[in-house]
Amino acid sequence: CLSSPECLCWSFLRDGKPCRATELTSGIDYGAVEEAYATLLQSRTPLAIVNAQGELTDSTLTDVVAASFEQLFRGAVVPAFGAGAPHRFEPLRVFMLVLLWPGLMEPEHHNTIFKKLCSGMNCLSQEQRETLQEWLREVKAPMLRDAIVAFQQFITIYVNEYRCIDDHVASATKVLGILWRSNRDSKRVCYKEFYNDAINELVDFTEDFSRWKDTQRCSFSFCAHPFVLDPGTKSKLLQLDANNQMRSQIRGALFRSIFGGNECPYLILRVRRENLIRDTLLQISALHNQQEDLKKPLKVIFKGEEGIDEGGVQKEFFQLIVRQMFDLNYGMFTYDEESHCFWFSATALENAREFNLIGKVFGLAIYNSVILDVHFPMVVYRKLMGCKPTLEDLRDCNPQLARGLQMMLEFDGDVEETFARTFVVSYEEYGTVKTHPLKPGGDDMPVTNQNRHEYVELYIQYLLEDSISLQFSAFAEGFHEVCGGPALRMFIPEELELLICGNPSLDFLALEEVASTEDGYTRDHPVIVNFWKVVHAMTLEEKKRLLFFCTGSDRSPIRGLGSMTFIISRNGPDSDRLPTAHTCFNHLLLPEYRDLETLRRCLMTAINNSEGFGLM
């Protein structure tokens, strides 16, 4: 029956009974499918089988299944039903059963069943593909993961071994997209399993990105399927787009200057440390052509300091302004002690300009390849990418409240009598407790077993959206004004957090591996050996200060410390002089200290007093 589409369509059904497939459910018993496939794979006993030519051959059950599936694709598997045709979904069961077959992982089937499966799925109508996507939500994580692995192996072989990005790779990537979209909300399989190392390492993304942006010649581009791209690749693409825009703005400014203008090709901020936020706000607000000016390369000047901004000064600028903006005394954010996250203050209604500035600061940091030490819950990044908040998001920013709401949803008893809640939310504003109805008449509407789900949804809607709508809208507007666009839309919220905040892992062993030495130092020089002994013995906070001292940021790049350029140079003979650094080049200048203790003392003194760019 496996070689007959009609029979296969009506096999493996729930309870063994015929049932119609719909847009929402296939009717397939996936447990039975998994069990049958496992039995077939375990059966290695040769069987006497008569092949299509009438010859008697020795084959295993797996061989029989493979031959049957190959036979399926020799004709039209799915008839071309019209959009309104009755019973039009049953034939799609064939694709589901072949898609979940473990034999797809075997390279011997790539040129037969696999390619034909991909070709067939890409010939389906939009309605049929969306139906398969919905059906895949019924599949448990292990079977879904096996299907993902099969497609990743096929793509990797073609890209890695054959250096070939042809129609077959494009076709497989598009089918992998159906699996991605089905998994996106349920998260049965980690999003990282969709990254393909061969694609990220071997594809020329300068060409791929250019082809993607040129819609006239874009037949296929991996940029149109960003789920296979890791955060490092996406950050490169974002920076490539930013650099292109920067060059365009520089050329435009120089061109206008030729014809009598006096336009600077850079965005220059002259700020005082004691008035950092005010100075920044006034200068950004005063930009003549704000959006275009924000696309220029950033240069920061601290008034009264001689540091020239080749990257290091702007890194400290971002560190300092973020620190001040998130100071609780400034009143723009609240802080949750349990989650260790900041949230927008619902009472800061008159600070729209400041929130817009914060958004622009975030955007400028991304645009200028600077990572920030910020602690937002994931819901902020989800909202920036257009996602609607859920109870899971509330757990990130207010775990105690989320537990209480979850308890109400799961309570097995009389909710109205036990919780005594109405459709209102209470909050404190300047020492006074106030209430807000979650719906008209909410003050007199008790929360019951029947309406508790509505209550929780409205509560989350108010806390994470309505109560801070003005603040967040201003923040999001400023953010997208600087770095919004097609390249940013490649990111999912988890990757956007990595882009802004950097990699949370500080692997200094990886940094030691990639570090280079100059001016007389070698990797086995006693000073260098002692340096890494001191570093590896530091606490996490001390390591962050060392990183800030050497690079201008205490955060790791999105791909980790092992992706950094880090240079240690000899800076004269033994003395009591402190180490210095060129933060714009991640360059540490280290005197040839006589012993480990001297090195430790001088290094710790330097990293604990590292703010400022005055000459010494």
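What you see is a predicted model, and the numbers here were worked out from it, not measured in a lab.

A. The arrangement of the packing of aromatic side chains in detail. Considering all chains together, one arrives at 32 aromatic pairs under this definition. Aromatic side chains F220 and F222 sit 5.1 Å apart centroid to centroid with 80 degrees between the ring planes, which places their arrangement in the edge-to-face category. Judged by relative accessible area, which is 10%, F220 ranks as buried. Each ring, one from F362 and one from F376, has its centre 5.8 Å from the other, and the planes form 35 degrees; the classification is tilted. Residue F362 is found in helix α15 (residues 352-367), and its partner F376 is found in the loop between α15 and α16 (378-384); the two are separated by 14 residues along the sequence. Neither F362 nor F376 differs from the other in exposure class; each is buried. By way of ring pairs, the aromatic residues F326, F333, Y335, F342, W343, F344, F355, F362, F376, Y381, F472 and F475 are connected into one cluster. Taking the ring centre of F302 as reference, the NZ or CZ of R273 above it sits at 4.2 Å. Lying over the aromatic face of F472, K383 brings its terminal NZ or CZ to 4.4 Å of the ring centre.

B. Spatial organisation of the nonpolar core. If you look at the biggest cluster of nonpolar residues, it comprises 149 residues, and the most contacted ones within it are F151, L179, F344, F362, F376, F475 and I500. With 11 residues, helix α7 (residues 141-161) is the single largest residue contributor to this core. In this structure, L179 is in contact with L99, L136, L144, A147, I148, F151 and F194, ignoring residues within four places of it in sequence. If you look at the next biggest cluster of nonpolar residues, it comprises 29 residues, including L511, L547, M604 and I607.

C. Inspection of the pattern of salt bridges at higher detail. Counted according to the given criterion, the structure contains 23 salt bridges. Two residues, E494 and K187, come together in a salt bridge whose shortest N-O distance is 3.5 Å. You can see E494 sitting in helix α22 (residues 493-501) and its partner K187 sitting in the loop between α8 (167-186) and α9 (197-202), a full 307 residues away along the chain. For R211, the salt bridge identified is with D208, shortest N-O distance 2.9 Å. Placement of the pair is R211 and D208 together in helix α10 (residues 205-213), with a separation of 3 residues, close to one helical turn. Exposure class is identical for R211 and D208. Each is buried.

D. Spatial organisation of unusual backbone geometry. The phi torsion at K187 lies on the positive side, around 55 degrees, for a residue other than glycine. Using a relative accessible area of 51% as the deciding quantity, one classes K187 as exposed. Positive phi outside glycine occurs at S369, with the angle close to 60 degrees. By the secondary structure assignment, S369 is in the loop between α15 and α16.

E. Spatial organisation of the sheet that holds strand β12 (residues 587-590). Across the sheet, which stays open at both edges, the 4 strands sit in the order β9-β10-β12-β11 with mixed pairing between neighbours. The strands lining the two open edges of the sheet, one partner per strand, are β9 (516-518) and β11 (580-582). Within the sheet, the average angular offset between the axes of one strand and its neighbour, ignoring direction, is 25 degrees. When β11 meets β12, the two strands line up antiparallel, connected through 3 bridges. Bridge pairing links T580 to L589 in β12. Packed onto the sheet, helix α25 (residues 540-551) meets β11 and β12 and runs at close to 60 degrees relative to β11.

F. Focus on helix α26 (residues 596-607). Between its first and last C-alpha atoms α26 spans 16 Å; for 12 residues at 1.5 Å apiece the expected length is 16 Å, and the two agree. For α26, the full list of buried residues reads T598, L599, C602, L603, M604, A606 and I607. Contacts made by the buried residues of α26 are with α24 (526-536), α25 and β12. Backbone nitrogen of E597 and a side-chain oxygen of the N-cap are separated by 3.4 Å at the start of α26; the cap is D595.

G. The arrangement of the side chain of H587 in detail. Looking at where H587 falls in the secondary structure, it is placed in strand β12. The class for H587 is buried, based on a relative accessible area of 14%. Polar side-chain contacts of H587 include one of 2.5 Å to the side chain of S569.

H. Spotlight on α15. The end-to-end C-alpha distance of α15, which contains 16 residues, comes to 22 Å, matching closely the 22 Å that a straight helix rising 1.5 Å per residue would cover. Counting buried residues in α15 gives 14 out of 16 residues, a clear majority hidden from the surface. Note on α15: the residue one or two positions beyond its end, S369, has a positive phi of about 60 degrees.

I. The arrangement of the confidence of the model for the protein in detail. Mean pLDDT over the protein: 84, with 87% of residues reaching 70 or higher. Here residues 47-51 is a poorly scored stretch, pLDDT under 50, and it has 15 contacts once near neighbours within four places are set aside; other chains count. Every residue in residues 612-616 scores below 50 in pLDDT, and together they form 15 contacts with partners more than four places removed in sequence or on other chains.

J. Examining the pairing of strand β5 (residues 333-336) more closely. Bridging between β5 and strand β6 (residues 341-344) involves 4 bridges; their strand directions are antiparallel. For T334, the partnering residue across the bridge sits in β6 and is W343.

What counts, and at which threshold
Residues numbered from 1 in each chain as written. Predicted model: local features only at pLDDT ≥ 70, side-chain atom pairs only at ≥ 80, totals over all residues. Heavy atoms only, no water. Phe/Tyr/Trp six-rings, centres within 6.5 Å; stacked < 30°, edge-to-face > 60°. Buried < 20%, exposed > 50% of the residue type's maximum accessible area, 1.4 Å probe, protein only. Helix = DSSP H or I, 4+ residues; strand = E, 2+ residues; numbered from the N terminus. Lys NZ or Arg CZ within 6 Å of the ring centre and 35° of its normal. Core = buried A, V, L, I, M, F, W, Y, C linked by side-chain atoms within 4.5 Å. Contact = heavy atoms within 4.5 Å. Salt bridge = Lys/Arg side-chain N within 4 Å of Asp/Glu carboxyl O. Pairing = 2+ DSSP bridges. Axes fitted to C-alpha atoms, helices over the stretch in contact; angles between N-to-C directions. Expected span 1.5 Å × (residues − 1). Polar contact = N/O pair within 3.5 Å; in protein donor to acceptor, adjacent residues only side chain to side chain. pLDDT = per-residue confidence, 0-100.

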